[in-house]
Amino acid sequence: MQMKQLLLPLLILLTTSCFAQIDSIKREMNLRDKVLNDIQKSFDTRNKSLDSTVTTLDQRLSSLDKSISQSKNASEKADRLQERVQAVEEKQKAIEQNELNLFQANYQSAMVNLVSMDREIKPLLLFNSTKSFFNALSETGNPMNYDGYTKWYNQYAAYVKDKKTESPVLNVTSNLLSFAGNFTKGAPVTGPITSALFSSMTTYIDNIGKKEKALKEQSEQMLTLTMKISQFNYDNDRIENEWESITAELQDLQTKYDRSLKENLAIIKTSPADFQTNFSKENDAEKRYQYLTRLRDEAAKFVSEERTKNPKDWRQKAYVQMNDVQSLKQRFGQVTFRISQNLLKYKELFDKYKADPQLGARVKDLEIKMKELQESFDKTFDPLEYINSANRMYKV
């Protein structure tokens, strides 16, 4: 089925063999949060110190203003005015330093969030271990997997081939079956071809002799099964169509992420090879923490150097990257939310068919596999948290 082809390259093995991967993602999030907390603590400390400096200078200015207004001595007033100018300059430097600290902290946050997404996006793109569920889904939608169907279908196909010259409907069906290919691996139970298929099956049943009651009864059951599976596949295709859009979104997200990562590593003068060796491929948590701390320091250094080199537009380069990273994080949250919501749609599908005497047993098995998949996905990804954290990742 098309869904299998679409999703096997895109989703994570979230069953037993993937628990290590889930733990890895959780550790990555903890590492990211640890570095972000370091950034917050450092900013709070510097911000508190500067706030204290500004408060002291405000008090000094207030005192100088009062002294200047009350002074009758021109020389003394001139000295106080000079002191006031110095205090104003010191206050302005403190305000500018606070702005620099704020911008440094925000770009550091962008850098840490960006590189941490490396191990969050890839598992989603590899989500290839949903194989167990989607293989079972594909098998449920193939009537050849049901008891007695293959033998009956071959009898029906032989009838169509033998009688095609006697009936336009059978002739059209024969041509369509030949056009669609070899159906030993799956009957054509979806799409426009089903009209001819159902019509010719009905013709086959109508021409079964009165003495062959068992065959006729079986044929009616097989036709009913074919129609049910056709409807099952139709309902399933409505879910599958959303996967196509999600697939395109994931691929575009990966492309934009790779470009943003390359640009930001270049900004802080870090080579992709260095990043791959010391972060992406490094499994030692402490070493990865130290490397993230180094990247964070380089991000702060870049902002400081930009202000020195380009006093007028020093914010621009980092500001553009910050917006791009925030957008990536929001989109990552949105696409994981879409995946989560699309997985939930299977519950409605299964509720519709699980009581059916012909499809029910397979659908109930699918329901169990789907529950395991959904639970594993929920343990690994929290779409709303991604979106919310993206919205609040920068200090105003």
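It should be noted that the structure appears before, not after, this text.
Residues numbered from 1 in each chain as written. Predicted model: local features only at pLDDT ≥ 70, side-chain atom pairs only at ≥ 80, totals over all residues. Heavy atoms only, no water.

Draft legend 1. Representation of the packing of helix H3 (residues 74-116) against helix H11 (residues 285-309). At their nearest, the axes of H3 and H11 sit 8 Å apart, and the two run at 140° to each other. For the element pair H3 / H11, the angle class is oblique. Seen along the crossing, H3 lies across H11 with a hand that is right-handed. In contact with Glu96, Gln97, Leu100, Phe103, Gln104, Tyr107, Gln108, Met111, Val112, Val115 and Ser116 of H3, H11 contributes Leu292, Leu295, Arg296, Asp297, Ala299, Ala300, Phe302, Val303, Ser304 and Arg307. Its residues assigned to classes, the contact of H3 with H11 shows twelve nonpolar, five polar and four charged. (Axes fitted to C-alpha atoms, helices over the stretch in contact; angles between N-to-C directions. Helix = DSSP H or I, 4+ residues; strand = E, 2+ residues; numbered from the N terminus. Parallel < 35°, antiparallel > 145°, perpendicular 65-115°, else oblique. Left-handed = near helix turned anticlockwise from the far one by under 90°. Contact = heavy atoms within 4.5 Å. Nonpolar A, V, L, I, M, F, W, Y, C, P; charged D, E, K, R; others polar.)

Draft legend 2. Fine view of the nonpolar core. In this structure, Tyr107, Phe133, Trp152, Tyr156, Tyr346 and Phe350 are the most contacted members of the largest nonpolar core, which totals 87 residues. Setting aside anything within four residues of it in sequence, one finds Tyr107 in contact with Asn264, Ile267, Ile268, Ala299, Phe302, Val303, Ala318, Gln321 and Met322. (Core = buried A, V, L, I, M, F, W, Y, C linked by side-chain atoms within 4.5 Å. Buried < 20%, exposed > 50% of the residue type's maximum accessible area, 1.4 Å probe, protein only.)

Draft legend 3. View of the pattern of salt bridges. Scanning all chains against the criterion turns up 20 salt bridges. Between Arg84 and Asp65 there is a salt bridge, with its nearest N and O atoms 2.4 Å apart. Of this pair, Arg84 sits in helix H3 while Asp65 sits in helix H2 (residues 19-70), and the two are 19 residues apart along the sequence. For Arg80, the salt bridge goes to Glu83, with nearest N and O atoms at 3.2 Å. Within this pair, Arg80 and its partner Glu83 are both found in helix H3, separated by three residues, close to a single helical turn. The class for Arg80 is partly exposed, based on a relative accessible area of 24%. By relative accessible area, which is 27% here, Glu83 ends up partly exposed. Salt bridges sharing common partners tie together Glu249, Asp252, Lys256 and Arg331. (Salt bridge = Lys/Arg side-chain N within 4 Å of Asp/Glu carboxyl O.)

Draft legend 4. Focus on the environment of Pro143. As for its placement among the helices and strands, Pro143 is situated in the loop between helix H5 (131-140) and helix H6 (149-163). Sequence separation between Pro143 and Lys228 is 85 residues; the distance between their C-alpha atoms is 9.6 Å.

Draft legend 5. Local environment of the side chain of Ser230. Along the chain, Ser230 turns up in helix H9 (residues 213-267). For Ser230, a relative accessible area of 11% gives the class buried. The contacts of Ser230, once residues within four sequence positions are left out, are Val189, Thr190, Thr194 and Phe198.

Draft legend 6. Spatial organisation of the packing of helix H12 (residues 316-353) against helix H13 (residues 360-380). Taken N-terminus to C-terminus, the directions of H12 and H13 make an angle of 160°; their axes are 10 Å apart at the nearest point. Classified by the interaxial angle, the pair formed by H12 and H13 is roughly antiparallel. In terms of crossing hand, the pair formed by H12 and H13 is left-handed. Along the contact surface, H12 presents Thr336, Ile339, Ser340, Leu343, Leu344, Tyr346, Phe350, Asp351 and Tyr353, while H13 presents Gly360, Val363, Leu366, Glu367, Met370, Leu373, Gln374, Phe377 and Asp378. Looking at side-chain class alone, the contact of H12 with H13 contains eleven nonpolar, four polar and three charged residues.

Interpretation in functional terms is not warranted from these geometric data alone.
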